[in-house]
Amino acid sequence: MADTLTTPAASWLERLRPKSIGRLVTTVLLFAGAWIMVFPFIWMISSSLKPTDEVYDRDFTIIPKTFKGWENYYGVIFEQPYLTFLMNSFIVCLGILAFQLITAIPAAYALAKLKFRGSTILFGTVIAAITIPINVTSIPLYIGLVRAGLLDTYFAMMFPFIVSVFAIFLFRQFFRGFPDSIIQAARVDGFSEIEIILRLILPSAVPAIAAFSIFSFVAHWNDLYWPLIVVQSQDKMTATLSMMQYQSAFDTDFGRTYASATVVTAPLVIAFLFARRLFIRGITMTGVKG
Amino acid sequence: MATSPLQRAQTRLAYMLVLPASLLILVIYIIPIILVFAASLTDYTLVSDHYEFVGLENYRTMFADEGFANALRNTFFYAVLFLPGAFVISLVLAIAIQEQKQFRSVLEVLYFLPVTSTLSAMALVWAALMDSGQGVINATLETFGIPGVNWFGNGNVVLYSLAIISLWSVIGFNMVLFLAGLTAIPQNLYEAAAMDGADHPVDKFFRVTWPMLGPTAMFVAVTSSITAFKLFDTVAILTQGGPDHASEVFLYLAFLEAFEYFNMGYASALSLFFLGIIFVFALVQALFTDRNVQY
């Protein structure tokens, strides 16, 4: 009887050893830190549901005292051009991605698996170009676009990014791992090189392509620098660029302001929550980019 | 052998496959770099078609210019604030999260959330949180009896404020890189160290974790330094370099010179200086990565 009583007590005491207390404290601290990381999002969503005077109310409550969520979001989506802004962002990001894949995959295959003169020079150029950020080439690219009368067009917004040297590098490394014997066998079976790319290489490269696609989409969705330079009208404004308008009292309805910030942030955050692994892998690939 | 019809067809195909990418690399990277260099030797401005060759004048102006010195000072000061936090906080978080069992993936997602979010939208949120009058942060500080801070209006504070926002947005990113590095450390090294008497967590860290994490740590340090040097979005949205140039960092200055004042020649010199800095970081990374490959 006494035995059966002491056993649970002992294991309960066991759990309170310094080591597990330490672990508990760590867990609590980690969640406290996580609260700080997530609080700006909570504040943003909460404020997007509030009337203006409540947004800057000193005693902040997560649940709005007066609910103005419908009006705020209705205003952002139907009375302000936010659908256009989001559409522009989608067009530009998807356009860039499509061009990047179309130009990078064939080049990467040739660099990885085919012998041709100049391949070393080309690959060296690719490596060197990876270190060059848009901030360095922006001046001549901008002047060129001005001269061509192409400012404020989708073309101008996409142009500097339609070839990704990073994608060429990444896919080349990936394709190199593909067994030569399979490619040889396919050639013997009468596959053309194009068929080899489409039917053997591409399916095997899906994980790398998916990760790169996320990296590219996120990078260009969030890009402020280049749209700030080439976009001039509201017609071509991207969702990210639209956030610049609020520095000049574009909208004095603060509830609606944060509804628009939520609308701009939502697509990527929602996509992230659905494909967490892929996102983390895709985005941390930038590391390689340096 | 090299001239067999099949070989020749394959070579021709290879050229066709690399042609679009090569042409675009030429137009988007190589020619612009040459033009930036050429423009940096002229007094070209977009407003007039007339320009002259001025030699190294732009570079001389640059090194004598108080605006340039100020921007460099601001950027380095900001980097000094940002880098230790971006490195140490991420590393501590990664170690702590790795030891969590049930909560690891939840915590990973929560800390990574700011990385996926659009910084320019979240900057507006931070502006409200850091509002000197009604912001949540100052209200919280005041309940603890700490006087509120003028986060964006005070020239001595503004770089701290920007560093806090950058830390918030980058910690999850570095943490995931560290987590990947930590996961790759073989467990038996810890067991071996424990047999040698390294049982305490601090011992374990300095005897096993830190030496094994070398390449990852180098990598995080270099990418974070480049990130620090590329600070732009929050400055453009929140401070526009103010108050009184106190947050005018390098890339923002280059942006103003090129696209607000249209001093293209001078701005080109600034761009090349920026490229030089990036190259130094890339070089450091390449050198250290090679050395680390050996063990």
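Residues numbered from 1 in each chain as written. Chains lettered and ligands numbered in written order. Predicted model: local features only at pLDDT ≥ 70, side-chain atom pairs only at ≥ 80, totals over all residues.

Visitor: Tell me what's going on with the overall build of chain A, and back it up with residues and numbers.
Guide: A count of helical and extended segments in chain A gives 17 helices and zero strands. Radius of gyration (C-alpha) of chain A: 26 Å, far over the 19 Å computed for a compact globule of 290 residues. Seen along its three principal axes, the alpha-carbon backbone of chain A occupies a region of about 80 × 65 × 35 Å. Sorting the 290 residues of chain A into buried and exposed places 39% on the buried side. Sequence separation of at least 24 residues holds for 75% of the intrachain contacts in chain A that already meet a minimum separation of 6. (Helix = DSSP H or I, 4+ residues; strand = E, 2+ residues; numbered from the N terminus. Rg over C-alpha atoms; globule rule 2.2 N^0.38 Å. Buried ≥ 20, exposed ≤ 12 C-beta atoms within 10 Å, placed from the backbone. Contact = placed C-beta atoms within 7 Å.)

Visitor: Report on the overall build of chain B, specifying residues and quantitative values.
Guide: In terms of helices and strands, chain B carries 13 helices and zero strands. Secondary structure of chain B in N-to-C order comes out as α-α-α-α-α-α-α-α-α-α-α-α-α. Computed over its C-alpha atoms, the radius of gyration of chain B comes to 25 Å, more than 25% above the 19 Å expected for a compact globule of 295 residues. On the principal axes, the C-alpha backbone points of chain B span a range of 75 × 70 × 30 Å.

Visitor: I'd like a rundown of the domain arrangement of chain A, residues and numbers included.
Guide: Residues and elements named next belong to chain A. Domain boundaries assigned for chain A yield domain 1 (2–76) and domain 2 (78–289). Each partner contributes to the interface: domain 1 provides 15 residues, whereas domain 2 provides 14 residues. Take the side of domain 1 that touches domain 2: its biggest share by element is five residues, from helix α4 (residues 69–79). Grouping the constituent residues of the side of domain 1 that touches domain 2 by class yields eight nonpolar, five polar and two charged. (Domains from an automatic or database assignment. Nonpolar A, V, L, I, M, F, W, Y, C, P; charged D, E, K, R; others polar.)

Visitor: Account for helix α4 (residues 104–116) of chain B, naming residues and giving values.
Guide: Across its 13 residues, α4(B) extends 19 Å between first and last C-alpha, which sits within 8% of the 18 Å expected from 1.5 Å per residue. Three or more residues of α4(B) are buried, namely B:Leu107, B:Glu108, B:Leu110, B:Tyr111, B:Phe112, B:Pro114, B:Val115 and B:Thr116. (Expected span 1.5 Å × (residues − 1).)

Visitor: So what's going on with the packing of helix α6 (residues 119–130) of chain A against helix α1 (residues 5–39) of chain B? Residues and values would help.
Guide: Where α6(A) meets α1(B), the axes come as close as 11 Å, and the angle between the chain directions of the two elements is 45°. Looking at the two axes, α6(A) sits oblique to α1(B). Here α6(A) and α1(B) pass one another in a crossing that is left-handed. Contact residues: α6(A) offers A:Leu122, A:Thr125 and A:Ala129, while α1(B) offers B:Val18, B:Ser22, B:Ile25 and B:Tyr29. (Axes fitted to C-alpha atoms, helices over the stretch in contact; angles between N-to-C directions. Parallel < 35°, antiparallel > 145°, perpendicular 65-115°, else oblique. Left-handed = near helix turned anticlockwise from the far one by under 90°.)

Visitor: With reference to specific residues and values, describe the environment of A:Phe174.
Guide: Residues and elements named next belong to chain A. With respect to the helices and strands, Phe174 occurs in helix α9 (residues 165–176). A count of 19 C-beta atoms within 10 Å places Phe174 in the partly exposed class. Spatially, the C-alpha atoms of Phe174 and Ser204 are 9.4 Å apart, while their sequence positions differ by 30 residues. Apart from the residues within four sequence positions on either side, Phe174 is in contact with Ala205 and Ala208.

Visitor: Explain unusual backbone geometry to me, using residue names and the numbers behind them.
Guide: Residue and element names in this part refer to chain B. Phi at Gln240 takes a positive value of approximately 50°, unusual for a residue other than glycine. Considering the arrangement of structural elements, one finds Gln240 in the loop between α11 (233–239) and α12 (250–259). A residue is classified by how many C-beta atoms lie within 10 Å of it, and Gln240, with 14 of them, is partly exposed. The phi dihedral of His245 is positive, around 65°, even though this residue is not glycine. One can find His245 in the loop between α11 and α12.

Visitor: Go over the nonpolar core with me, naming the residues and quoting the values.
Guide: If you look at the biggest cluster of nonpolar residues, it comprises 149 residues, and the most contacted ones within it are A:Ile168 and A:Phe171. No fewer than three residues from each of domain 1 (2–76) and domain 2 (78–289) of chain A sit in this core. What A:Ile168 contacts, discounting residues up to four positions off in sequence, is A:Ala104, A:Ala107, A:Ala108, A:Val126 and B:Ala21. (Core = buried A, V, L, I, M, F, W, Y, C linked by C-beta atoms within 7 Å.)

Visitor: For the confidence of the model for chain A, give the residues involved together with the corresponding values.
Guide: Residue and element names in this part refer to chain A. Per-chain confidence: chain A averages 86 in pLDDT, with 90% of residues scoring 70 or above. Across chain A, the secondary-structure element scoring lowest on mean pLDDT is helix α17 (residues 286–289), at 46, and the one scoring highest is helix α8 (residues 154–158), at 96. Segment residues 1–7: pLDDT under 50, and zero contacts once partners within four positions in sequence are set aside and those in other chains are kept. (pLDDT = per-residue confidence, 0-100.)

Visitor: Explain the confidence of the model for chain B to me, and be specific about the residues and the numbers.
Guide: Residues and elements named next belong to chain B. Model confidence for chain B is summarised by a mean pLDDT of 88, while 97% of its residues fall at 70 or above. In the model, residues 291–295 has pLDDT below 50 throughout and makes three contacts with residues more than four positions away in sequence or in other chains. Model confidence for the complex is summarised by a pTM of 0.89, with the ipTM given as 0.89.

Visitor: I'd love a proper account of the environment of B:Glu191, names of residues and values included.
Guide: Residue and element names in this part refer to chain B. Tracing the backbone through its elements, the reader meets Glu191 in helix α8 (residues 187–195). On the basis of neighbour count, Glu191 is assigned to the exposed category, with 11 C-beta atoms found within 10 Å. Note: C-alpha distance between Glu191 and Lys204 (13 residues apart in sequence) is 9.7 Å.

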